[in-house]
Amino acid sequence: MGQEDKRRHGPDAADAAVSVTGSGDATAASGGMAVTGYRGPAPGPDDDPHAPVHLSDTGDATNSGGGVVNTGYLNIGTLTMQQRPPSEPALWPHQVGLIPPVARSFQHRALADRLHTGINGSGTAVLTGMGGVGKTQLAAEYARTAWERAAETGGLDVLVWVTASARSLIVTEYAQAGVELWRADPSDPEKAARSFLAWLTPKAGAKPCRWLIVLDDVTDPADLRGLWPPASPHGRTLVTSRRRDAALAAHGRHTVEVGLFTKDEALAYLTSSLPGPCESTDELTSLADDLGYLPLALAQAGAYIIDTGETVATYRRLLADRANALSEMAPDALPDDQERPLAAAWSLSIDRADALRPAGLARPLLQLTSLLDANGIPKEVLTSQPTLAYLAAHRTRTGPYQAPAPGQVSPEDAKRALSALHRLSLIDHNSPTAHQAVRVHQLIQRATRDNLTRHQRDQTARSAADALMAAWPAIERDAALAQMLRVNTAALANSTEGALYWPNVHKVLHRVGRSLGESGQASAARDHFQHLAQTTRQDLGEDHPDTLAARHDFAFWRGRAGEAAEAATASAELLEDRVRVLGPDHPDTLDTRHNLARWRGWAGDAVSAATVLEELLEDRVRVLGPDHPDTLGTRHDINFWRAQAGEAAGAATVLEELLDDQVRVLGADHPDTLITRNNLATWRGRAGDAAGAAAALEELLEDRVRVLGVHHPSTLTTRHNLATWRRTAGDAAGAAAALEELLEDRVRVLGPDHPDTLITRHDLAYMRGEAGDAAGAAAGLEELLEDQIRMLRPDHPDTLITRYNLAYWQGKAGDAAEAAAAFEELLDDQVRVLGADHPDTLRTRHNLASWRGKAGDPAGAAAAFEELLDDRVRVLGADHPDTLDIQRHIAYWRGKAQPGPPLPFPFQ
């Protein structure tokens, strides 16, 4: 007892006990007591149960302070201990159990500071997180640091490390500590464990004991019922668990969520663990990203690369190949005393989650989420009717709460199953981001998919696709939800190979493309349907209806992306095939005829478009009936193209008649009805009633906000058109202010590069010119042009219109020669892209002639107008307003120059 200042008996220690702890290395940490023991099979009939068993790796069972050699025997299975009684309690500082060794290339994490703050403030901290994030290593670092400071002020007198994966193990370790520190009765482990907890409770007048209890890998919070260490000003408790149950966080316990490595931590780990400088930083960073920054995955990947001699690039190729299961990429010898390969790291957690109420639903729900987006799955998908049907059909019968016989599963059951998965840290179900309610680590997804047969995976994929469709609203009022549904569809298609193409193309693949287009991403929709058409042609055949449907949508969105001529050609080719395969009166064939007319019109042949649609209308009425929505749509477009061909008189009247029929057949709130109201207002304005147009659009805006939502693209378009007609009606200042507000909303909702956002920028610049700032208008259009070329392409119709108006405002700003040169360059491109007879091409020739005159060549201007007159008569007719206007200009330029009006941006 000569070292009483460093080694003390516990308070009120009157009896003796024997130290029996550890499995493996039984040597205590620096300054601690060498503690030896044996845990293993029960002794045979010829064995002496009291014979000492020596297990110190150093071969010396005596501690550095001259303590007692401690030997004994413990049978965990029966919780009976047979030991030689000690003569006195263990001296302090004293350690029971082994702190896990430091992992190779261990990384100190900033999270450790939060742990120190939390446990020092509340006395108890719970480290929680998914398997493989390094909770045990964080706890071990904390315990090791505290133990190494045992002799310092604020250090430890007693440290107990408990592997807490089962209640029996907790009782065993507590009992052992009671035997060593309090001379508890080794024959009754439960009583010895309770005695140990009582011994930890501070007592008046007793010497304070500074202790740390680490409960590592608590599998079930119920295992700690009655076994939580007591509150003490001198004691600290640290728990690690994959569980997130409320019971772990009760009584003010500080919870620390252990997440993944940061990018820098992962890179530092790989750099230090992989030998040699041959791997680039970019390659290592990419590997960390491929593995989702999961410490366990990084450790096993590093071991595999070292063992096999493969490069990081080779390992990444193996990982990217979905034909390779995770189990095939595990090292032969797991690093850092890890118990399971990555592929099996979560199997026990899945079993336990599946056993929680509602039993048998967690596993199939995890299987469904394994095919969707790891970064966020909307709750609407996971509580949809197809999801509930899938869960009912694949429910497992397991656990203490036996699942009922197959039957209906309610949305509440699905939510509780999500909570079970969250409690076991298999998913995150507390995301604050809207429509990203559930997150799953990509490697948990991979491991889950690996355990599915091909048939199971395909079946699950079709169910997931059904769930996405059920959650997808017919009208996308919520842009954020639509975006997440598109992302999840892309993830599903990427993870299931051909499941969505066989035996037919799942409708979700068409829905995602339409969603892209309806959100303003016409080019993305075009590319999506091009890929879909190529894939269906390869998998299903040239004449399969799904292949023809994909070609139809590809042609449509090609036109919407600005390739009207190409869309018309593709529609003409498709029409031949649809007539041959489906017949001339099939609804799909009629749809193709409609789109062929549409794209011929947008390619510049408005007369042909109107003629084709008039012929189509007769067939629509005969096949579908006069009130069919497609018949009404054809009537709408006939009116539009007649007006574009110069027959604008009566356009508003025709639309009023159509509107009455649409309200009667489709309803006042149907999207087609609202579109007709928008176009009716436009034709009223073009007929000279700008104030009436603005009033009609104001009423329409209220209805679109109510039906579609304030942020729907069509609602924003109505706001745009309302501002335009307010300007025409004389409220230029109010129109400009409205467009400024709209621009902010479009940037926020659609993004700065969305085509509709660019249109608003165009009209704002245009209004600057009308307000007298021609130079400002030209500068704004010049900036816009750069973005349009980058986002849309140089030949997109919107880009060509911006070039047109830029040239105009450059001329109005005083540089007539530059305007003429710009129009001349534009004309060459319009002839090549749109054709010589396209209305926009003819308008450019008009302005080129005007600015030539303004630049000092009135004779050249008159000659150019005379040439243009012949083409106007041929294309539009002698009585068209534009033809009559040219005759005036010919006479005018024989006198003095006067440029033509700027080209207004087309109404949306």
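**Q** Quick one: what's the story with the overall build of the protein chain, residue by residue and with numbers?
**A** Each helix and strand counted, the protein chain has 36 helices and eight strands in total. Among the 908 residues that make up the protein chain, the fraction classed as buried is 54%. For the protein chain, the proportion of contacts with a sequence separation of at least 24, taken over those separated by at least 6, is 69%. Accessible area of the protein chain: about 38,600 Å², with a carbon and sulfur share of 51%.

**Q** Lay out the confidence of the model for the protein chain in plain terms, naming residues and giving numbers.
**A** For the protein chain, the mean per-residue pLDDT works out to 85, and 87% of the residues sit at or above 70. A low-confidence stretch, residues 1–82 (pLDDT under 50), is modelled with 192 contacts involving residues beyond four sequence positions or located in other chains. Low pLDDT (under 50) marks residues 902–908, which in the prediction has 28 contacts with non-local residues, meaning those over four places away or in another chain.

**Q** Lay out the packing of aromatic side chains with the relevant residues and their values.
**A** Considering all chains together, one arrives at 15 aromatic pairs under this definition. When the ring of tryptophan 602 is compared with that of tryptophan 641, the centres are 5.2 Å apart and the planes differ by 80°; the resulting orientation is edge-to-face. Taken together, the residues span a long stretch of sequence, with tryptophan 602 in helix H22 (residues 587–602) and tryptophan 641 in helix H24 (residues 629–644) at a distance of 39 residues. Judged by centre distance (5.8 Å) and plane angle (90°), the rings of tyrosine 892 and tryptophan 893 are edge-to-face. For tyrosine 892, a relative accessible area of 24% gives the class partly exposed. Each residue in the set Trp92, Tyr174, Phe196 and Trp199 is aromatic and connected to the rest through ring pairs, giving one cluster.

**Q** Describe unusual backbone geometry, and please don't skip the residues or the numbers.
**A** Excluding glycine, a negative phi dihedral is what most residues carry, and trans is how most peptide bonds are arranged. Following tryptophan 92, the chain continues into proline 93 via a peptide bond in cis, with omega recorded as -10°. Within the secondary structure, proline 93 is located in the loop between strand E2 (80–82) and strand E3 (94–96). Cis geometry marks the peptide bond from arginine 357 to proline 358; its omega dihedral reads -5°. Position of proline 358 relative to the elements: it lies in the loop between helix H10 (347–355) and helix H11 (362–369). Phi at aspartate 217 takes a positive value of approximately 65°, unusual for a residue other than glycine. Mapped onto the elements, aspartate 217 comes out in strand E6 (residues 211–218). A relative accessible area of 33% means that aspartate 217 is categorised as partly exposed.

**Q** Let's hear about the environment of threonine 255: which residues, and what values?
**A** Here threonine 255 shows up in strand E8 (residues 254–257). Threonine 255 gets classed as partly exposed once you look at its relative accessible area, which sits at 35%. Here the alpha-carbon distance between threonine 255 and valine 239, two residues 16 residues apart in the chain, equals 9.3 Å.

**Q** Report on the nonpolar core, specifying residues and quantitative values.
**A** Counting residues in each nonpolar core, the largest one holds 117 residues, and the members touching the most others are Leu212, Leu238 and Trp346. Among all residues touching tryptophan 346, those that are not within four sequence positions of it are Met130, Gly131, Arg242, Leu294, Leu426, Leu443, Ile444 and Ala447. Residues Val96, Val160, Ala177 and Trp211 belong to the second largest nonpolar core, which totals 27 residues.

**Q** Explain the pattern of salt bridges to me, using residue names and the numbers behind them.
**A** Taken as a whole and assessed by the stated rule, the structure comprises 58 salt bridges. Of the charged contacts in the structure, one is a salt bridge between aspartate 245 and arginine 423, with a shortest N-O distance of 2.6 Å. With aspartate 245 in the loop between strand E7 (235–241) and helix H5 (246–249) and arginine 423 in helix H14 (residues 411–423), this residue pair connects regions lying 178 residues apart in the sequence. Between arginine 416 and aspartate 413 there is a salt bridge, with its nearest N and O atoms 2.6 Å apart. Of the two residues, arginine 416 and aspartate 413 are both situated in helix H14; the distance of three residues between them amounts to about one turn of the helix. Among the residues examined, arginine 416 registers a relative accessible area of 41% and is labelled partly exposed. Aspartate 413 sits in the buried class, given a relative accessible area of 13%.

**Q** Could you give an account of helix H17 (residues 479–495), naming the residues involved and the relevant values?
**A** The α-helix advances 3.6 residues per turn, and as a result positions three or four apart in sequence lie on the same side. Compared with an ideal rise of 1.5 Å per residue, which puts 17 residues at 24 Å, H17 spans 25 Å between its outermost C-alpha atoms and is within 8% of the ideal. If you check which residues of H17 are buried, you get Leu481, Ala482, Met484, Leu485, Arg486, Asn488, Thr489, Ala491, Leu492 and Ser495.

**Q** Can you tell me about the side chain of threonine 237, naming the residues and giving the values?
**A** Assignment of secondary structure puts threonine 237 in strand E7. Among the residues examined, threonine 237 registers a relative accessible area of 1% and is labelled buried.

**Q** Residue-level account of the packing of H22 against helix H23 (residues 606–623), with values.
**A** At a minimum axis separation of 8 Å, H22 and H23 run at an interaxial angle of 160°. Between H22 and H23, the angle is such that the two are roughly antiparallel. Two packed elements cross with a definite hand, and for H22 against H23 that hand is left-handed. Contact residues: H22 offers Pro587, Leu590, Asp591, Arg593, His594, Ala597, Arg600 and Gly601, while H23 offers Ala606, Ser608, Ala609, Val612, Leu613, Glu615, Leu616, Asp619, Arg620 and Val623.

**Q** Hey, could you go over the packing of helix H28 (residues 713–728) against helix H29 (residues 732–749) for me, with residue numbers and the actual values?
**A** Relative to each other, H28 and H29 sit at 160°, their axes nearing to 8 Å. For the element pair H28 / H29, the angle class is roughly antiparallel. In this structure, the crossing between H28 and H29 has a hand that is left-handed. In contact with Pro713, Leu716, Thr717, Arg719, His720, Ala723, Arg726 and Arg727 of H28, H29 contributes Ala732, Ala735, Ala738, Leu739, Glu741, Leu742, Asp745 and Arg746. The residue makeup of the contact of H28 with H29, split by class, is eight nonpolar, two polar and six charged.

**Q** Summarise the environment of alanine 330; cite the residues concerned and give the values.
**A** One can find alanine 330 in the loop between helix H9 (312–320) and H10. Judged by its relative accessible area of 18%, alanine 330 is buried. Separated by 28 residues in sequence, alanine 330 and glycine 302 have C-alpha atoms that sit 9.9 Å apart.

**Q** I'd love a proper account of a negative patch on the surface, names of residues and values included.
**A** Where like charges cluster on the molecular surface, the negative patch consists of Glu782, Glu783, Glu786, Asp815 and Glu818. Of all the elements, helix H31 (residues 774–791) adds the most residues to the negative patch, at three residues. Looking at where aspartate 815 falls in the secondary structure, it is placed in the loop between helix H32 (797–812) and helix H33 (816–833).

The rules behind each value
Residues numbered from 1 in each chain as written. Predicted model: local features only at pLDDT ≥ 70, side-chain atom pairs only at ≥ 80, totals over all residues. Heavy atoms only, no water. Helix = DSSP H or I, 4+ residues; strand = E, 2+ residues; numbered from the N terminus. Buried < 20%, exposed > 50% of the residue type's maximum accessible area, 1.4 Å probe, protein only. Contact = heavy atoms within 4.5 Å. Areas by Shrake-Rupley, 256 points an atom, 1.4 Å probe, with all protein chains shown as cover. pLDDT = per-residue confidence, 0-100. Phe/Tyr/Trp six-rings, centres within 6.5 Å; stacked < 30°, edge-to-face > 60°. Core = buried A, V, L, I, M, F, W, Y, C linked by side-chain atoms within 4.5 Å. Salt bridge = Lys/Arg side-chain N within 4 Å of Asp/Glu carboxyl O. Expected span 1.5 Å × (residues − 1). Axes fitted to C-alpha atoms, helices over the stretch in contact; angles between N-to-C directions. Parallel < 35°, antiparallel > 145°, perpendicular 65-115°, else oblique. Left-handed = near helix turned anticlockwise from the far one by under 90°. Nonpolar A, V, L, I, M, F, W, Y, C, P; charged D, E, K, R; others polar. Patch = residues over 30% accessible without salt bridge, like charges linked within 9 Å, V, L, I, M, F, W, Y side chains within 5 Å. Lys, Arg positive; Asp, Glu negative; His and termini not counted. Charge placed at Lys NZ, Arg CZ, Asp CG, Glu CD.

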